[in-house]
Amino acid sequence: MRGWWQEIADLVLPGDCAGCGRPGGTLCGHCRGALLGSGARRVEPSPVPPGLPVVHAAVDYADEARAVLLAHKERGALRLARPLGEALARAVRAACSGPGAGSRGRVAARSGAICGARPGAGPGARPRGCLLLVPVPSARRAVGARGHDPARRIALAAAGVLRGGGRPTRVPAVLRQRRRVTDQSGLDARQRRANVTGALGAVPGSARLLAAGPVVLVDDLMTTGASLAEAARAVTAAGGLVIGAAVVAAPLMP
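Attention in this report is confined to the structure presented alongside it. These numbers come from a predicted model, not from an experiment.

A short note on the pattern of salt bridges
Pairing of side chains with opposite charge becomes possible as their charged atoms draw close. Inspection of every chain in the model, using the stated rule, returns six salt bridges. Put simply, Arg-233 and Glu-230 hold a salt bridge, and the shortest N to O gap is 2.7 Å. Taken together, the residues Arg-233 and Glu-230, both in helix α10 (residues 226-237) and three residues apart, mark about one turn of the helix. In this structure Glu-230 comes out as buried when scored by relative accessible area, which is 5%. Salt bridges sharing partners connect three or more residues here, namely Arg-32, Arg-82 and Glu-86.

Some details on the nonpolar core
Ranked by internal contacts, the top residues of the largest apolar core, which has 36 residues, are Val-92, Leu-133, Val-216 and Val-248. Going through the elements one at a time, α2 (29-36), β2 (55-60), α3 (63-74), α4 (81-97), β3 (131-135), α7 (150-164), β7 (215-221) and β8 (242-250) are the ones with two or more residues in this core. Sort the elements by how many residues they give to this core and α4 lands first, with eight residues. Apart from the residues lying within four places of it in its own chain, the contact partners of Val-216 are Val-92, Ala-95, Cys-96, Leu-131, Leu-132, Leu-133, Val-134, Ile-243, Gly-244, Ala-245 and Ala-246. Counting 26 residues, the second largest nonpolar core, distinct from the first, contains Ala-57, Leu-217, Ala-232 and Val-247.

Regarding the pairing of β8
For a regular strand, side-chain orientation follows a simple rule: the groups alternate between the two sheet faces. Counting buried positions over the nine residues of β8 gives nine, a clear majority of the element. Pairing analysis gives five bridges linking β2 to β8, with the strands arranged parallel. In the strand pairing of β8, His-56 is matched with Ala-246. Between the parallel pair β7 and β8, the chain is carried across by α10, and the sense of this crossover is right-handed.

What to know about the sheet that holds β2
The strand order across the open sheet built from six strands is β1-β2-β8-β7-β3-β4, with neighbouring strands paired in mixed fashion. With one partner strand each, in any of the chains shown, β1 (41-43) and β4 (169-170) form the two edges of the open sheet. Strand contacts of α10: β2, β3, β7 and β8, with the helix running at about 155° to β7, the strand carrying the most contacts.

Notes on α3
With 12 residues, α3 ought to run about 16 Å at 1.5 Å a step, and its terminal C-alpha atoms sit 16 Å apart, in line with that. When we look at burial in α3, the residues that qualify are Ala-65, Val-68, Leu-69, Ala-71 and His-72. The arc that holds the buried residues of α3, viewed along the axis, is 160°, so those residues lie on one side. Residues of α3 that are buried in the fold lie against α2, β2, α4, α7, β7 and β8.

Rules used throughout
- Residues numbered from 1 in each chain as written.
- Predicted model: local features only at pLDDT ≥ 70, side-chain atom pairs only at ≥ 80, totals over all residues.
- Heavy atoms only, no water.
- Salt bridge = Lys/Arg side-chain N within 4 Å of Asp/Glu carboxyl O.
- Helix = DSSP H or I, 4+ residues; strand = E, 2+ residues; numbered from the N terminus.
- Buried < 20%, exposed > 50% of the residue type's maximum accessible area, 1.4 Å probe, protein only.
- Core = buried A, V, L, I, M, F, W, Y, C linked by side-chain atoms within 4.5 Å.
- Contact = heavy atoms within 4.5 Å.
- Pairing = 2+ DSSP bridges.
- Right-handed = clockwise from strand over helix to strand, strands pointing away.
- Axes fitted to C-alpha atoms, helices over the stretch in contact; angles between N-to-C directions.
- Expected span 1.5 Å × (residues − 1).
- Arc of directions from axis to C-beta.

Shown next as structure tokens:
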């Protein structure tokens, strides 16, 4: 009920800009431009958790981008999913085509052929396989409290953007939490790894879904990379081919 009311209210109430707070709409032109940024960049936390794929972020987690992500995630500003999805789509493209794509570079030679059109193919050629965006799942209690799953909603928006650009893309629900984890805020990198290790598993039938194409793991934000590394482990254990990860934002790393 809460999610339904949030969505209706977000459609009919104009509100202020989620990025800067100025009146006149959900997201002003300046903040939309800041969210779209100038290009996705490769990000690497320190220390790098074992099994973390190469990660690309659309923007830095600061200023307007931080405000927009929090408004979508914590305050239910659901119309922000589209511009956030556009930003994530840009990071996904970088994850597919950037140098070193793949789980720490292991499938770099394959990623371009799998994600893009066949070498030398004509304009109407189809990519080899469907690109799969697999979001890091939120805890059930967090989804219930917020009224929506932010990462999945943004992933669906990003998939729509990618399909609109000619790349077949799906968002299969293949991961679930196998046990409860504590709130990650306030935990350091080592504690976060311990908190999420073994916490994710694949749903029944996920092997068939993952056989459809290569996987890019997606999330709204990366800090230590522990959740993405755990998601990569779970997807790989289920038979999926993880070629990289993409997030809307990540902090500037030292």
